[in-house]
Amino acid sequence: MGWRSAITANQHADEAGVVAQLLDAWRAVAVDGAAVAELARQLIKGVRGASAGAAGVDQLLQEFSLSSQEGVALMCLAEAMLRIPDKDNVDRLIRDKVGRGDWRAHLGHSDSLFVNAAAWGLLIGRTLVSTSSEQKLSSALGRVVARGGEPLLRRALDLAMRLLGQQFVIGQGIAAALKRSQGKEAQGYRYSYDMLGEAALTAADAERYLAAYRQAIQAIGAAAGQRGVYAGPGISVKLSALHPRFERSQRQRVLAELLPRLKELCQLARAYAIGINIDAEEADRLDLSLDLLEALALDPDLDGWDGIGFAVQAYQKRASFVIDHLLDLARRSGHRLMVRLVKGAYWDSEIKRAQVAGLEGYPVFTRKRHTDAAYLVCAWKLLAAGATVYPQFATHNAHSLATIVDMARTMAVDDYEFQCLHGMGEALYDQVVGSANLGRICRIYAPVGSHESLLPYLVRRLLENGANSSFVNRVVDPAVDIEELIADPFLRLRASGGAPHPAIPLPGRLYGEARRNSSGLDLANEAQLARLAREQAALAQRRWEAAPLLAAAGARDGEGRAVVNPADHQDRVGRVIEATPQDVAAALAVAEAFAASWSAVPVGERAATLERAADLLELERPSLISLCVREAGKSWANAVAEVREAADYCRYYAQQLRRHGDAAANAATGPVICISPWNFPLAIFVGQIAAALLAGHPVIAKPAQQTPLIAALAVGLMHRAGVPAAALQLLPGRGDTVGAALVADGRSRGVIFTGSLAVAQGINRAIVGREAILIAETGGQNAMIVDSTALPEQVVHDALTSAFDSAGQRCSALRVLCVQEEIADKLLLMLEGAMGELRVGDPALLATDVGPLIDAQAQAAVLAHIARMRARGKRVSELPLPAACAAGSFVAPTLIEIDTIEELQQEVFGPVLHFLRFRRGDLDALVDAINATGYGLTLGLHSRIDETI
């Protein structure tokens, strides 16, 4: 377990430190730099001189770069066109993407017939469809459309996209793939087949992928003829395709449900003497993948079989430690593991995820040269391990390839192979495979599947290899000097010192020096999870107190009201003493008297005070998370986000005040009443207070009746940060008593309110005629419109997250999903299946997706709506509630199909999603109906057509 600990510890390690370790390791490696450079130079010349290019696709990527409008349009067409079921939207997509490209500029730029044919076809298409609007299109096409020109164009582009797909996919079925591979096998190539499919959303998806893997293993095995795991073909499996919840939060489920499926496939592969390789996925799935690998390697039923393979991504900072762990596991288990070394295919999403989550660092390198260096160090470790593992080097980089050849020669290692992607880089390996060349083995990673299943894979390949920095892109670009392509990455590292990319700041510095980003927690990191679990266990039985915090009054005592956990009403979280009319009067008097003093505090001092408050919020994160979970029913992830948002509010408003000075404040000073909701009891509560305080107003904070304990802790922290007691007072209590009295009093100069529309309207009426402002955020009948060009898997993910995260208790939560009828049945089935994978229960458990509603009153209101819909004959799908949920105020995630949006007279504030079908021709009427509901906070759109959006 020592190497596993190192893997966890280095997930977000300092990049310069990791690079220094790589440089230290490389000093022990004997490489003939001149020989490497010469071999790489000759290989690149061979690629550039090949008459056929690189099967056309490499040149296509280079010609239509993703930095160009045409490249983006081409990718969008390839991703969407083949799966759109209705011809109208296919035509709209063509007009939208082809009509905007400068295709004429690409004519004749490439010697490749493939590229020039594509450019001519796209130019002709643009001539037909170029227009500024759908209305003008009909007259522009005129007689051409009448003669069938548009259907002809649709068929031509459909064929072009299918040809593009064939460059990346070896066959739509395993039989076709095996037949097509025979030619390359005769040249000396080997194959690893990948059954295309992204992450399973439903149990049915996982079963379908499992069946496809079984069938493929049987077909590959029959064709292999017992050649063995190295000499014969193999198969690659994607773990997220075999389980709909392949993620750290569901670790117990994954080990119990996915491991048996994986073992079954291994046993089947063993019977046919072929290898099975576990593909690499996102960084937050690595530890879970290693858990499954270790279980397989130590399973006695698989003893004596060397067909277990595992892919390692060199762009991860911990790649070297993963290699060390695999070597250790191979020795302990007695298996000669196959290790596929790749550079990585999720770089952009890994960077963005770390930024969004506010992590301490990135799991991947920010410079390409660092990845190249890590790749070579890992390759050296694999070659030096002898017969412990079977190295498989997946690279299209001529310098990496040449370095590996030289290292292996120096170490007298001959038992290894190279790998490349089907349709890419084969011009490079045609100079490597066979006795007339370098005599090395190359295995082609060959995707198998329908055009529809190709789409996400194709986009990833285009993003990975179509980027300007990609070797695949640059190797066929004559403008790139060969000497630049064969430069030793370690020489560059020694010159640069291993510093990360200056344009990619660490997540904490995302906003520059003016404002620090709030820090998050990686809930897939074992060390951080263990620490959080210990902290929450220590706080699980704590009893908290809340009472009015007044500048002019002493401590209050009394029995108070119990505050209970909405997930378990037997868990008494603490007690609250609510404010009296006398407390209201006293608070207003103090705030009014202190108004001039607080507004006179210098801008910089006010800003610094709130920045200290942000620091204290993060320092007290364990206690705040515990209260968010126990008092508000929030999951761990939502509780972490709550603390982050509160800290962000303080720092953001402080930054704005420093930038704009007192111009950011209201001209009139005086008390501001902050009335916050229970669904964001920390973030919105602190955000309201921070804005008013920084603008120079003393604040009287009235938290939601259900969540006074969080509010009391937050106010205490702000006082510790230096906010004077007279500038911030807390009055817990009911809205219709404490809140109403504060709003009605003429001394209040403003009200900041988040809550229901009805209450906001009542506050507005109460302050009419006074010199006071109202800032109100209310809910809305939030809709998402989905047309037939949308990617269904993405829609389902977004809809489930928006509708059911926080048990639907967000003002911005999705309430009505409007889906074009051509894809409605398929999408509804996917939604129901994916909804069935959600876990409802105690939010104190990491595995919980959907927690309780805030109280019994909220629960009753949502259940009454579901009952009314069922009584009207609506189709209602809901999850069964676990028995443990009877102790709390739970409502199961529910999907209700409706006919019109007018059937919803008010917002349903809970885990209920309404499903509405629409015709493409009725889109304008649908938008009118959404607008006619009178209010809305958010709108979701899923379409690939810019003009529709």
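*Asks:* In this structure, what is going on with the overall build of the chain? I would like to understand it.
*Replies:* The helix and strand inventory of the chain stands at 38 helices and 22 strands. With 949 residues in all, the chain has 59% of them scored as buried. A fraction of 79% describes how many contacts in the chain between residues 6 or more apart in sequence connect residues 24 or more apart. Counting only carbon and sulfur atoms, one obtains 54% of the accessible surface of the chain, whose full area is about 36100 Å².

*Asks:* Help me understand the side chain of Ser-333, please; the structure alone is not making it clear to me.
*Replies:* The topology assignment puts Ser-333 in helix α17 (residues 319-333). By relative accessible area, which is 16% here, Ser-333 ends up buried. Of note is the side chain of Ser-333, whose polar atom sits 3.2 Å from the backbone nitrogen of His-335. In this structure, Ser-333 is in contact with Ala-297 and Leu-298, ignoring residues within four places of it in sequence.

*Asks:* Could you clarify how one ought to interpret the layout of surface pockets in this entry?
*Replies:* Left-over empty space is what a probe sized like a water molecule reveals as it rolls over the atoms. Reported here for the second largest pocket is a volume of approximately 1600 Å³. Residue lining of the second largest pocket: 49 residues in total, with Trp-678, Gln-706, Ser-756, Val-759 and Gln-857 positioned closest to the centre. Of the residues forming the lining of the second largest pocket, the biggest block, 7 residues, is contributed by helix α37 (residues 856-871). Across the lining of the second largest pocket, the residue classes tally to 24 nonpolar, 17 polar and 8 charged.

*Asks:* Is there a simple way to explain helix α31 (residues 683-694) in this structure?
*Replies:* One turn of an α-helix holds 3.6 residues; hence residues three or four places apart share an orientation. With 12 residues, α31 extends 16 Å from end C-alpha to end C-alpha; this agrees with the ideal 16 Å at 1.5 Å per step. Of all the residues in α31, the buried ones are Ala-683, Ile-684, Phe-685, Val-686, Gly-687, Gln-688, Ile-689, Ala-690, Ala-692, Leu-693 and Leu-694. Backbone geometry just after α31 places Gly-696 at a positive phi near 95°.

*Asks:* I would appreciate a short explanation of the packing of aromatic side chains in the present structure.
*Replies:* How two aromatic rings sit relative to each other is given by the distance of their centres and the angle of their planes. Tallied over the entire structure, the rule returns 10 aromatic pairs. Relative to Phe-418, the ring of Phe-393 lies with its centre 6.2 Å away and its plane at 50°, an arrangement referred to as tilted. Here Phe-418 lies in strand β7 (residues 417-421) and Phe-393 lies in strand β6 (residues 389-394), a separation of 25 residues in the sequence. In this structure, Phe-393 and Phe-418 share a single accessibility class: buried. Aromatic ring contacts, followed pair by pair, group Phe-393, Tyr-416, Phe-418 and Tyr-429 into a single cluster. Seen from the ring of Tyr-375, Lys-343 lies directly overhead, with NZ or CZ sitting 5.0 Å from the centre. Arg-542 extends its terminal NZ or CZ atom over the ring of Trp-544, reaching a point 3.7 Å from the ring centre.

*Asks:* What should I look at first to understand the sheet that holds strand β9 (residues 544-546) in this one?
*Replies:* Two orientations exist for strands paired in a sheet by backbone hydrogen bonds: parallel and antiparallel. Pairing is mixed across the open sheet formed by 3 strands, whose spatial order is β9-β11-β10. Here the strands that pair on one side only, and so sit at the sheet edges, are β9 and β10 (561-565). Direction aside, the axes of adjacent strands within the sheet are offset by 45° on average. Note that β9 and strand β11 (residues 568-576) share 3 bridges and pair parallel. Directly across from Trp-544, in β11, lies its bridge partner Gly-574. In this fold helix α32 (residues 708-720) packs onto β9, β10 and β11, with an angle of close to 80° to the strand it touches most, β9.

*Asks:* Please explain the sheet that holds strand β17 (residues 783-786) as it appears in this structure.
*Replies:* Across the sheet, 6 strands lie side by side as β19-β20-β21-β18-β17-β22; this open sheet has mixed pairing. Of all the strands in the sheet, just β19 (875-878) and β22 (939-942) have a single pairing partner and so form its edges. On average, adjacent strands in this sheet sit at an angle of 20° to one another, irrespective of strand direction. Examined bridge by bridge, strand β18 (residues 816-820) and strand β21 (residues 912-918) share 5 bridges and lie parallel to one another. Within β21, the residue paired with Cys-818 across the bridge is Leu-916. In the packing of helix α36 (residues 821-835) onto the sheet, the strands contacted are β17, β18, β19, β20 (894-898) and β21, and the crossing angle to β18 comes to about 135°. Contacting β17, β18 and β21, helix α38 (residues 923-932) crosses the sheet at an angle of about 175° to β17.

*Asks:* Help me out: how do you make sense of the environment of Ala-503 in this one?
*Replies:* As for its position among the elements, Ala-503 is in the loop between α25 (489-496) and α26 (526-539). Given the relative accessible area of 58%, Ala-503 is considered exposed. Along the backbone, Ala-503 and Thr-366 are 137 residues apart, and their C-alpha atoms lie at a distance of 9.2 Å.

*Asks:* Sorry if this is basic, but what is going on with empty space enclosed by the protein here?
*Replies:* Across all of its chains, the model carries 6 cavities of 30 Å³ or more by this definition. Taken as a whole, the largest cavity spans an internal volume of roughly 130 Å³. Along its surface, the largest cavity is lined by 16 residues, and Ala-632, Gly-633, Lys-634, Ser-806 and Gln-809 are the ones closest to its centre.

*Asks:* Before we go on, may I ask you to explain unusual backbone geometry in this structure?
*Replies:* Most peptide bonds are trans, and most residues other than glycine sit at a negative phi. Phi at Gln-226 takes a positive value of approximately 60°, unusual for a residue other than glycine. Take Gln-226: it is sitting in the loop between α13 (203-224) and β2 (234-237). A positive phi is found at Ala-807, a non-glycine position, where the angle reads about 55°.

*Asks:* Explanation requested: the packing of helix α1 (residues 2-9) against helix α16 (residues 286-297) in the structure shown.
*Replies:* In a packed pair of helices, the relevant descriptors are the angle between the two axes and the axis-to-axis distance. Where α1 contacts α16, the axes come no closer than 11 Å and their chain directions differ by 165°. As the angle between them shows, α1 and α16 are arranged roughly antiparallel. Between α1 and α16 lies a crossing whose hand is right-handed. Residue-level inspection shows Arg-4, Ile-7 and Thr-8 of α1 in contact with α16, the latter providing Leu-286, Asp-287, Leu-290, Asp-291 and Glu-294. Tallied by class, residues from the contact of α1 with α16 come to 3 nonpolar, 1 polar and 4 charged.

*Asks:* In this structure, what is going on with the pairing of strand β12 (residues 672-675)? I would like to understand it.
*Replies:* Judged by which residues are buried, β12 turns out to be covered on both faces: Val-672 and Cys-674 on one side and Ile-673 and Ile-675 on the other are all buried. Note: β12 against strand β15 (residues 750-754), 4 bridges, orientation parallel. The residue bridging Val-672 from the neighbouring strand is Gly-750, located in β15.

*Asks:* Before we go on, may I ask you to explain the pattern of salt bridges in this structure?
*Replies:* For side chains bearing opposite charge, pairing can occur when the charged atoms are close. Evaluation of the coordinates by the stated rule reveals 55 salt bridges. The closest approach of N and O atoms between Arg-630 and Asp-571, which form a salt bridge, is 2.8 Å. A residue pair is termed long-range when its members are at least 10 positions apart, and Arg-630 in helix α29 (residues 621-632) and Asp-571 in strand β11 qualify at 59 residues. You'll find Arg-630 and Asp-571 in the same group, each marked buried. As a salt-bridge pair, Arg-917 and Glu-897 come within 2.5 Å of each other at their nearest N and O atoms. One end of the pair, Arg-917, is in strand β21; the other, Glu-897, is in strand β20, and 20 residues separate them in sequence. In this structure Arg-917 comes out as partly exposed when scored by relative accessible area, which is 31%.

Cut-off values and rules
Every chain's residues receive numbers from 1 upward, in the order its sequence appears when written. Reporting of local features is limited, given that this is a predicted model, to residues whose pLDDT is at least 70; pairs of side-chain atoms are given and counted only at 80 or more, and all residues count toward the totals for whole chains, interfaces and linings. Hydrogens are left out, water is left out, and the side-chain values use all remaining heavy atoms of the structure. Helix numbers and strand numbers start at the N terminus; a helix is a DSSP run of H or I with at least 4 residues, a strand a run of E with at least 2. Accessibility here uses a 1.4 Å probe with only protein chains present; expressed as a share of the type maximum, an area under 20% marks a residue as buried, one over 50% as exposed, and anything in between as partly exposed. Two residues form a contact once any of their heavy atoms are found within 4.5 Å. All accessible areas in this document rest on Shrake-Rupley with a 1.4 Å probe, and a residue is counted as covered only by the protein chains that are shown. Distance and chemistry together define a polar contact, namely a pair of N or O atoms within 3.5 Å, with one atom able to donate a hydrogen and the other to accept it when in protein, and with adjacent residues in sequence counting only for side-chain atoms on both sides. In the cavity and pocket records, a cavity denotes points on a 1 Å grid over the protein atoms alone where a 1.4 Å probe fits but cannot get out, a pocket denotes an open set with protein on both sides within 12 Å along at least 5 of 7 lines, and lining residues are residues with an atom within 4 Å of a point. Grid points are joined across faces, edges and corners, and a volume is the space filled by probe spheres set on the points. In this classification, the charged set is Asp, Glu, Lys and Arg, the nonpolar set is Ala, Val, Leu, Ile, Met, Phe, Trp, Tyr, Cys and Pro, and all remaining amino acids, among them Gly, are polar. How far a helix is expected to stretch is found by multiplying one less than its residue total by 1.5 Å. Aromatic pairs are defined between Phe, Tyr and Trp rings, using the six-membered ring for Trp, whenever the two ring centres lie within 6.5 Å; interplanar angles under 30 degrees are classed as stacked, those over 60 as edge-to-face, and all others as tilted. The rule is short: NZ of Lys or CZ of Arg within 6 Å of the ring centre and within 35 degrees of the ring normal puts a charge over the ring. Pairs of strands are assigned from DSSP output, requiring at least two bridges between the strands. As a rule, the C-alpha atoms of each element are fitted with a line to give its axis, helices using only the stretch in contact, and angles between N-to-C directions run from 0 to 180 degrees. Every angle not falling under 35 degrees, over 145, or within 65 to 115 is termed oblique; those three ranges are roughly parallel, roughly antiparallel and roughly perpendicular. By convention the crossing between two helices is left-handed if the near helix lies anticlockwise of the far one by an angle smaller than a right angle, and right-handed if it lies clockwise. One side-chain nitrogen of Lys or Arg within 4 Å of one carboxyl oxygen of Asp or Glu is enough to make a salt bridge.

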